[in-house]
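Inside the fold
For reference, the chains in residue letters:
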Amino acid sequence: MSKGPNRNDVRRPAGSLEAEVLAALWAADRPLTPREVLADLGAGLAYTTVMTTLSRLHDKGAVDRRRAGRAYRYRPVMDQADIAAARMRAMLETGNDRSAVLARFVDALSPEDERLVAEMLKDDRSADG
């Protein structure tokens, strides 16, 4: 007899739950407990799954936590740009040849993004004197 799918059968893409948890924290006007994050996300998640995700985000430095009774309250310390930049740095560090990785990254940029990077580098160099 075949059982129907349950919440354990549905797998999210890697990193998507962390992104959803961060989105809930960014949208809040105050630090949230895991239970409050769970209430925001719904979607049949287990409380322990949300706790584990928040703990991992804390270990990565993306969120800060403070004791609130027996639980913690979490708040984001990185915004979306910080998260994306950290992921880009991590990917760059996995390559054996940084020069090749950076060259391929630049080759894949749109002309507008390439111009933006060039302007940012020029501004950074002129600020250094």
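Thresholds applied
- Residues numbered from 1 in each chain as written.
- Predicted model: local features only at pLDDT ≥ 70, side-chain atom pairs only at ≥ 80, totals over all residues.
- Heavy atoms only, no water.
- Helix = DSSP H or I, 4+ residues; strand = E, 2+ residues; numbered from the N terminus.
- Buried < 20%, exposed > 50% of the residue type's maximum accessible area, 1.4 Å probe, protein only.
- Contact = heavy atoms within 4.5 Å.
- Axes fitted to C-alpha atoms, helices over the stretch in contact; angles between N-to-C directions.
- Parallel < 35°, antiparallel > 145°, perpendicular 65-115°, else oblique.
- Expected span 1.5 Å × (residues − 1).
- Salt bridge = Lys/Arg side-chain N within 4 Å of Asp/Glu carboxyl O.
- Phe/Tyr/Trp six-rings, centres within 6.5 Å; stacked < 30°, edge-to-face > 60°.
- Lys NZ or Arg CZ within 6 Å of the ring centre and 35° of its normal.

Now for the overall build of the protein. Counting its regular elements, the protein contains six helices and two strands. The order of α-helices and β-strands along the protein, N terminus first, is α-α-α-β-β-α-α-α. Across the 129 residues that make up the protein, the buried fraction comes to 20%. When contacts within the protein are restricted to residue pairs at least 6 apart in sequence, those whose partners lie at least 24 apart make up 41%.

Think of two packed helices as two axes; the pair is described by the angle between the axes and how far apart they sit. Following both chains from N to C, one finds helix H4 (residues 80–94) and helix H5 (residues 98–107) inclined at 130°, their axes separated by 8 Å at the closest point. What the angle tells us is that H4 and H5 run oblique. Within the contact between the two elements, H4 uses Met88, Leu92 and Glu93 and H5 uses Arg98, Val101, Leu102 and Phe105.

So, about helix H1 (residues 16–27). Here H1 contains 12 residues, and its C-alpha end-to-end distance of 16 Å stays within 8% of the 16 Å for a straight helix at 1.5 Å per residue. Buried residues of H1: Ser16, Leu17, Glu18, Val21, Leu22, Ala24 and Leu25, and no others. Close packing links the buried residues of H1 with helix H2 (34–41), helix H3 (47–59), strand E1 (63–68), strand E2 (71–76) and H4.

In this fold, Tyr72 is placed in strand E2. Sequence-wise, Tyr72 and Leu54 are 18 residues apart; in three dimensions their C-alpha atoms are separated by 9.7 Å. In this structure Tyr72 touches Leu32, Thr33, Pro34, Arg65, Arg66 and Arg67, once residues within four positions along its chain are discounted.

We now examine the pattern of salt bridges. Following the criterion strictly, the structure yields seven salt bridges and no others. Between Lys60 and Glu18 there is a salt bridge, and its shortest N-O distance comes to 2.9 Å. Here Glu18 lies in helix H1 and Lys60 lies in the loop between H3 and E1, a separation of 42 residues in the sequence. For Lys60, a relative accessible area of 54% translates into the label exposed. Residues Arg75 and Asp64 are paired through a salt bridge, measuring 3.5 Å at the closest nitrogen-oxygen approach. Taken as a pair, Arg75 in strand E2 and Asp64 in strand E1 lie far apart in primary sequence, 11 residues in all. The class for Arg75 is partly exposed, based on a relative accessible area of 38%. Bridged by salt links that share partners, the residues Arg30, Glu36 and Arg73 form one connected network.

On to the side chain of Thr33, then. Position of Thr33 among the secondary structure elements: in the loop between H1 and H2. Non-local contacts of Thr33, meaning those with residues more than four positions away in its chain, are made with Tyr72 and Arg73.

What follows deals with the packing of aromatic side chains. A complete count under the given rule lists one aromatic pair for this structure. Above the face of the Tyr47 ring, Arg35 is positioned so that its terminal group lies 4.4 Å from the ring centre. Above the face of the Tyr72 ring, Arg67 is positioned so that its terminal group lies 4.4 Å from the ring centre.

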